[in-house]
Amino acid sequence: MKAYSKYSVLFTFLFLLLIFCCCSKNDDSIDTSTISVEIGVAKVNLAINESQKLDAKVYNSGLQAFGPQIDWSSSNSSVATVDQAGFVTGKAAGSATIYAKYKGKSASCSVSVSQLAMVDLGLSVKWADRNVGADKPESIGAFYAWGETSVKSVFNWDNYKWCTGGDYRSLTKYNRYPEWGQIDNKTVLEPADDIASVIYGNKWRMPTGDEFKELLEKCDWTWATLNGSRGAYRVTSKINGNSIFLPVTGLKQEEFYFDLDQGYYWTSSLLAKKADDAPCYANVLHFSSEEKWVGYTARAVGMPIRPVSK
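In this report, the structure presented in the accompanying data block is examined. (Residues numbered from 1 in each chain as written. Predicted model: local features only at pLDDT ≥ 70, side-chain atom pairs only at ≥ 80, totals over all residues. Heavy atoms only, no water.)

Here we take up the sheet that holds strand E15 (residues 219-224). Within the open sheet, the three strands sit side by side as E15-E16-E17. Their pairing is antiparallel. The sheet is open, and its two edges are formed by E15 and strand E17 (243-247), each paired on a single side. The mean inter-strand angle of the sheet, taken between neighbouring strand axes irrespective of direction, is 25 degrees. Of the pairings in the sheet, the one linking strand E16 (residues 232-237) to E17 comprises five bridges and is antiparallel in character. By the bridge assignment, Tyr-233 is partnered in E17 with Leu-246. Against the sheet, helix H3 (residues 209-217) touches E15, E16 and E17, its axis set at about 80 degrees to E15. (Pairing = 2+ DSSP bridges. Helix = DSSP H or I, 4+ residues; strand = E, 2+ residues; numbered from the N terminus. Axes fitted to C-alpha atoms, helices over the stretch in contact; angles between N-to-C directions. Contact = heavy atoms within 4.5 Å.)

So, on to the pattern of salt bridges. Evaluated as defined, the whole model comprises nine salt bridges. Put simply, Lys-53 and Asp-55 hold a salt bridge, and the shortest N to O gap is 3.1 Å. Note on Lys-53: relative accessible area 40%, which makes it partly exposed. A salt bridge links Glu-190 to Lys-186; the shortest N-O distance between them is 2.8 Å. Overlapping salt bridges bring together Lys-173, Lys-186, Glu-190 and Asp-193 as one network. (Salt bridge = Lys/Arg side-chain N within 4 Å of Asp/Glu carboxyl O. Buried < 20%, exposed > 50% of the residue type's maximum accessible area, 1.4 Å probe, protein only.)

Turning our attention to the nonpolar core. Counting residues in hydrophobic clusters, the biggest one holds 39 residues, and the most contacted among them are Trp-146, Trp-157, Tyr-160, Met-206 and Trp-266. When residues of this core are traced back to their parent elements, those giving at least two are strand E10 (105-119), helix H2 (195-200), strand E20 (263-270) and strand E21 (281-287). Tyr-160 has contacts with Ala-145, Trp-146, Glu-148, Lys-152, Arg-299 and Ala-300, leaving out every residue within four places of it along the chain. (Core = buried A, V, L, I, M, F, W, Y, C linked by side-chain atoms within 4.5 Å.)

Read across the sheet, three strands follow the order E1-E4-E5 without closing on themselves; strand pairing throughout is antiparallel. Both edges of this open sheet fall to strand E1 (35-39) and strand E5 (63-65), since each of them pairs with a single strand only. Between one strand axis and the next, the sheet turns through 40 degrees on average, direction left out of account. Across five bridges, the pairing between E1 and strand E4 (residues 56-60) is antiparallel. Along E4, the bridge assignment pairs Ile-35 with Asn-60.

With that settled, consider the pairing of strand E8 (residues 87-90). Relative to E8, strand E3 (residues 51-53) is paired through three bridges, and the arrangement is antiparallel. Pairing of Gln-52 across the sheet is with Val-88, part of E8. Looking at chain direction, strand E7 (residues 80-82) and E8 are connected through three bridges and run antiparallel. Across the sheet, Thr-81 pairs through a bridge with Thr-89, a residue of E8. In sequence, E7 turns back onto E8 through a hairpin of four residues, with Gly-86 there showing a positive phi of about 90 degrees.

As a further point, take the packing of aromatic side chains. Think of a pair of aromatic rings as described by two things: how far the centres are apart, and how the planes are tilted against each other in angle. Summed over the entire model, instances satisfying the criterion amount to 13 aromatic pairs. Ring geometry for Tyr-168 versus Trp-180: centroids 6.1 Å apart, planes at 20 degrees, classification stacked. In this pair, Tyr-168 is assigned in strand E13 (residues 167-171) and Trp-180 in the loop between E13 and H2, connecting sequence segments 12 residues apart. Residue Tyr-168 is classed as partly exposed on the basis of its relative accessible area, which comes to 23%. A ring pair is formed by Tyr-281 and Tyr-296, whose centres lie 5.0 Å apart and whose planes are at 65 degrees; its orientation type is edge-to-face. With Tyr-281 in strand E21 and Tyr-296 in strand E22 (residues 292-298), the pair connects residues that are 15 residues apart, well separated along the chain. By the ring-pair criterion, three or more aromatic residues cluster together here, those being Trp-221, Trp-223, Tyr-233, Tyr-265 and Phe-287. (Phe/Tyr/Trp six-rings, centres within 6.5 Å; stacked < 30°, edge-to-face > 60°.)

The next point concerns unusual backbone geometry. Backbone geometry places Asn-49, a non-glycine residue, at a positive phi of 75 degrees. Inspection of the secondary structure assignment puts Asn-49 in the loop between strand E2 (43-48) and E3.

Before going further, it helps to examine the environment of Ile-48. For Ile-48, the location among the structural elements is in strand E2. By relative accessible area, Ile-48 is classed as buried at 17%. Between the C-alpha atoms of Ile-48 and Gln-115, which are 67 residues apart in sequence, the distance is 6.8 Å.

So, about the state of the cysteines. Evaluated as defined, the whole model comprises zero disulfides. Of the cysteine sulfurs around Cys-163, a residue in no disulfide, the closest is that of Cys-280, at 8.4 Å. (Disulfide = S-S within 2.5 Å.)

Laid out in structure tokens, this is it:
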């Protein structure tokens, strides 16, 4: 029995060695005119510090080859890098081209990196370093009504997308109660109505009320200024020490700005409890230099957005 086992192991080793040698020889003698390389996607949008894996396949005479060693490279590693496993990481705002090469044949994927940077605070989601439309972390960015994806200068029920005739009791979407319009029982914004998803892709979205509550509970909030801003909180993770900056924003009703010494940020969540005018309200993060909480405000009001990502 022992002798049989010994010969079995030796035979298996020699068989695998023969396969390896044959495969190496066959790989070197491949007719490269029949080879093609393909990457699964043609374009990728990333934020700074965000990564995504690209998959490349090699075909020989139309049949997929298994196990070829792909050589990955970037045309601009200061904007986007790629490792030899195909993971692409955004480094700075701009554009780059990622190449997958095998035996002189190649495929490419264009990469666009936005100014948005992904910050890991050790929480359930990663937070963007700036607001939607902001050119730097201390900037306020653009104002949006809840569930709208267009920038506008006047905010009221007359021009709110999800009601008819300027009547907030005639809601056409995101409503649970018959007395307030059409019922769909939706309580969280869909991607098509989430401005963070629309601008930055489905990897990004507006935070929920619970995610803002997590930010309040698991981070230290310090009132500060950054590059001459009117005021803000530096929000520092109690878990890993990373931080983001949330500037005061005010809010906009009609064409006027209010509460310019306070911060207002939309969540993706409707007001959860049933109350008078409940479907007309959505949850918001609201703060001043003295206090901070998750409250609610009328959906037609204009506020900034701070995106999050899984």
